[in-house]
Amino acid sequence: MVELNNVRHAFPTGDGIRHITFSISPGEFVFLVGPSGAGKSTVLRLIYMDLLPDEGHIVVSEFNSLFMKRRDIPQMRRKLGIVFQDFRLFPDRDVFENVAFVLKVVGRRTKEIKRRVLRAVADVGLSHKARKMPDELSGGEQQRVAIARAIVNEPYLLLADEPTGNLDPTTAAGIMDVLERINARGTSILMATHNVDMVNRYRGRKLHIMNGELV
Amino acid sequence: MANLAYILQESFDGFRRARISSLISTMTITFLLIIIGIFALVSTNVDHIVTALNARFDIQAFIDNTLDDSQITGLRQQLSQIEGIRQISFYSKEQAAREFQKEFGEDLFDILGENPLPSSFNVVLRQEYRTPDLIESVAKGISDLRGIDEVVYNNQALKILGKYAQMAKVINSAILIFVSFGSLLVISNTVRLIIIAKRSIITTMQLVGATRGFIQSPFIIEGLVQGSAGGILASVFLYLGSQILVIEVPGLIHTSLVIYIFVLSLGIFFGILGSLFAIKRFL
Ligand SMILES: Nc1ncnc2c1ncn2[C@@H]1O[C@H](COP(=O)(O)OP(=O)(O)OP(=O)(O)O)[C@@H](O)[C@H]1O
Ligand SMILES: [Mg+2]
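Every value quoted in this text rests on a predicted model; they were computed, and no experiment measured them.

Draft legend 1. Spatial organisation of the domain arrangement of chain B. Parsing chain B into structural domains produces domain 1 (2-52 + 160-282) and domain 2 (58-153). Using C-alpha coordinates to define each centre, domain 1 of chain B is positioned 53 Å away from domain 2 of chain B.

Draft legend 2. Region of the structure containing the site of ligand 1. Residues and elements named next belong to chain A. The local shell around ligand 1 holds 13 residues, among which Ser36, Gly37, Ser41, Thr42 and Gln85 are the closest. In this structure, Ser41 approaches ligand 1 through a side-chain N or O atom, which is 2.8 Å from an oxygen atom. Side-chain polar atom of Thr42 to an oxygen atom of ligand 1: 2.5 Å apart, as the coordinates give it. A total of 630 Å² of accessible area belongs to ligand 1 in isolation, and the protein chains cover 67% of it. The class makeup of the residues in the shell around ligand 1 is three nonpolar, seven polar and three charged.

Draft legend 3. A look at the coordination of the magnesium ion (ligand 2). Residue and element names in this part refer to chain A. Donor atoms from the polypeptide that coordinate the magnesium ion (ligand 2) comprise Ser41 (OG) and Gln85 (OE1), at 1.9 to 2.1 Å from the metal. With Ser41 in helix 1 (residues 40-47) and Gln85 in the loop between strand 6 (80-83) and helix 3 (95-105), the pair connects residues that are 44 residues apart, well separated along the chain. For Gln85, a relative accessible area of 43% puts it in the partly exposed group.

Draft legend 4. Here's a closer look at the nonpolar core. Counting 107 residues, the largest nonpolar core has A:Leu4, A:Phe22, A:Ile47, A:Phe101, A:Val117, A:Leu190 and A:Met191 as the members making the most contacts within it. For this core, the element with the highest residue contribution is helix 3 of chain A, accounting for eight residues. By size, the runner-up hydrophobic cluster in this structure holds 21 residues, among which are B:Ile72, B:Ile88, B:Leu125 and B:Val151.

Draft legend 5. Examining the sheet that holds strand 1 (residues 58-63) of chain B more closely. All names here are of chain B. Strand order in the open sheet formed by four strands is 2-3-1-4, with antiparallel pairing between adjacent strands. Because the sheet does not close on itself, it has two edges, and the strands there are strand 2 (85-91) and strand 4 (148-152). The average angle at which neighbouring strand axes cross in this sheet is 20°, direction not considered. Across four bridges, the pairing between strand 1 and strand 4 is antiparallel. Its bridge partner being in strand 4, Gln60 is matched across the sheet by Val152. Its contacts with the sheet place helix 3 (residues 69-79) against strand 1, strand 2, strand 3 (120-125) and strand 4, and it is angled at close to 165° to strand 2.

Draft legend 6. Examining unusual backbone geometry more closely. Residue and element names in this part refer to chain A. The backbone of Phe87 shows a phi angle near 65°, a positive value even though the residue is not glycine. Looking at the secondary structure, you find Phe87 in the loop between strand 6 and helix 3. With a relative accessible area of 9%, Phe87 lands in the buried category. The backbone of Asn211 sits at a positive phi, close to 50°, despite the residue not being glycine. With respect to the helices and strands, Asn211 occurs in the loop between strand 9 (205-210) and strand 10 (213-214).

Draft legend 7. Structural detail: the layout of surface pockets. Volume-wise, the largest pocket comes out at about 340 Å³. Around the largest pocket, the lining comprises 17 residues; the ones closest to its centre are A:Arg70, A:Ile73, A:Pro74, A:Arg77 and B:Gln206.

Draft legend 8. Highlighting the packing of helix 5 (residues 139-151) of chain A against helix 6 (residues 169-184) of chain A. All names here are of chain A. Interhelical geometry of helix 5 versus helix 6 gives an angle of 0° and a closest axis separation of 12 Å. One element, helix 5, and the other, helix 6, form an angle in the roughly parallel class. Seen from helix 5, the contacting residues are Arg144, Ile147 and Ile151; seen from helix 6, they are Thr171, Ile175, Val178 and Ile182. Of the residues assigned to the contact of helix 5 with helix 6, the class counts are five nonpolar, one polar and one charged.

Draft legend 9. Structural detail: the pairing of strand 1 (residues 2-10) of chain A. Residues and elements named next belong to chain A. One ladder, built from five bridges, connects strand 1 with strand 4 (residues 55-60); its direction is antiparallel. Pairing of Glu3 across the sheet is with Val59, part of strand 4. Of the pairings in the sheet, the one linking strand 1 to strand 2 (residues 16-24) comprises six bridges and is antiparallel in character. Considered in strand 2, the bridge of Val7 is made with Ile20. Hairpin connection between strand 1 and strand 2: a loop of five residues separates the two successive antiparallel strands, and Gly14 in this loop has a positive phi of roughly 105°.

Criteria and cut-off values
- Residues numbered from 1 in each chain as written.
- Chains lettered and ligands numbered in written order.
- Predicted model: local features only at pLDDT ≥ 70, side-chain atom pairs only at ≥ 80, totals over all residues.
- Heavy atoms only, no water.
- Domains from an automatic or database assignment.
- Near = heavy atom within 4 Å.
- Polar contact = N/O pair within 3.5 Å; in protein donor to acceptor, adjacent residues only side chain to side chain.
- Areas by Shrake-Rupley, 256 points an atom, 1.4 Å probe, with all protein chains shown as cover.
- Nonpolar A, V, L, I, M, F, W, Y, C, P; charged D, E, K, R; others polar.
- Donors = N, O, S within 2.8 Å, 3.2 Å for Na, K, Ca; no water.
- Helix = DSSP H or I, 4+ residues; strand = E, 2+ residues; numbered from the N terminus.
- Buried < 20%, exposed > 50% of the residue type's maximum accessible area, 1.4 Å probe, protein only.
- Core = buried A, V, L, I, M, F, W, Y, C linked by side-chain atoms within 4.5 Å.
- Pairing = 2+ DSSP bridges.
- Axes fitted to C-alpha atoms, helices over the stretch in contact; angles between N-to-C directions.
- Contact = heavy atoms within 4.5 Å.
- 1 Å grid on protein atoms, 1.4 Å probe; cavity = no way out; pocket = protein on both sides within 12 Å on 5 of 7 lines; lining within 4 Å.
- Points joined across faces, edges and corners; volume = space filled by probe spheres on them.
- Parallel < 35°, antiparallel > 145°, perpendicular 65-115°, else oblique.

Listed below in structure tokens is the structure:
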């Protein structure tokens with residue numbers, strides 16, 4: 001379902017990733033673990049095709065990076081849920097609208113949008129702040145909004161870049177519960193983190209990345 | 001349907017969130033459309049302006065001295081059949097002599113012992129016949145009548161005016177095209193600045209699977225609304241302006257609905273095209 005085959009991507013500065021080969025089966029929970037600057041975000045960006053491989057190829061569902069057309073990219077991304085490391089919330093609309101956006105993109109009905117958004121916002125424990133603007137929220141709350149937006153459309157694969165990075169251990173554990181629940185409903189998860197201790201407390205395959213290569 | 005609702009909602013929110021910049025775009029469009037509208041008004045009114053500034057376009061037709069009163073009446077009858085004539089007035093030999101005396105201070109009769117001046121018709125043309133070509137053909141029609149000795153009219157002045165009018169039309173059209181093109185650039189630049197401000201939001205939209213059409217539709221709707229608003233405002237200004245002018249100089253310009261439709265359509269066209277230009281450069 002997701003497959004990276006000998007993928008290399010170099011930034012103009014020379015940094016980047018190489019020889020990345022792994023796959024994720026349906027329903028799997030995979031951790032991508034490594035220190036800062038190891039290339040975790042780069043791998044994720046390659047999977048949601050914000051970057052394209054210089055070498056090798058990536059398959060996501062029926063999409064192959066070698067044959068991607070420009071207009072296929074939105075279709076491919078709709079199957080994914082993405083928690084960006086820097087959240088990427090829409091600063092011009094409230095929590096509800098931030099989460100609702102991905103459902104509007106796929107043309108869901110207003111009633112269903114409401115039901116699903118309220119559910120996702122409750123999942124991350126932010127029901128009481130649904131009408132707050134992002135800049136009225138703490139860093140951890142913003143991160144939870146990002147998670148709610150990523151899970152609201154029940155994605156086929158959830159890509160989570162440091163989803164617990166800004167959270168205290170209790171809240172982080174709460175988020176891990178949410179991710180495990182989503183995973184139990186059938187969504188595959190690839191979670192990038194530098195927190196080795198935390199990862200060891202959870203079940204799931206661990207991929208270790210260092211200096212742009214899997215080890 | 002959910003899509004359409006989204007697009008409308010998003011466009012509306014766009015105005016709400018960016019009241020000032022929406023206002024600036026609308027004002028920019030209004031201002032440019034007023035300038036364009038003025039040029040368009042001048043272009044379509046060159047003929048009117050020429051005639052209004054030269055209201056005395058009449059033809060004098062001198063009558064054969066041998067005609068008697070009943071023949072003159074018949075001639076007048078024939079004259080009134082000619083296309084393009086609004087008004088005919090008769091000047092008798094005696095009136096002509098009085099005019100002569102007024103102008104020169106001498107009584108011709110005293111000098112010559114007779115009145116050599118012919119009687120004449122003064123023919124006023126209908127507005128739309130006051131062009132060099134038409135005036136000439138009407139004059140020809142008059143001079144072809146039996147009993148008309150000579151036809152006099154000031155064609156030279158008309159021709160010169162006509163020539164300048166022609167030139168004015170060409171220059172005016174050139175400026176019109178130039179200003180229109182400039183307007184498009186100004187408007188698309190205004191929209192572009194607005195979009196650049198939303199750049200990060202748009203990138204995020206793309207990352208979560210929004211298509212290009214989905215992202216750009218609200219901008220196009222905003223452009224459409226701003227363009228229409230600008231068109232309506234500009235039409236109102238142009239209408240009021242031309243009303244004031246017409247009061248000052250009656251008949252100087254004729255405004256028709258076409259001008260306002262033109263200005264409004266141009267506003268809508270600018271609004272949409274401006275948005276498309278701006279989006280195209282970076283979406
Ligand atoms: N846009 C870019 N241009 C140039 N170099 C980049 C760019 N993005 C990342 N890099 C470099 O590529 C390497 C991998 O970066 P990446 O963001 O994937 O690391 P990471 O594992 O996500 O780190 P962190 O845990 O700090 O988020 C780093 O050396 C980084 O400096
Ligand atoms: Mg990173």
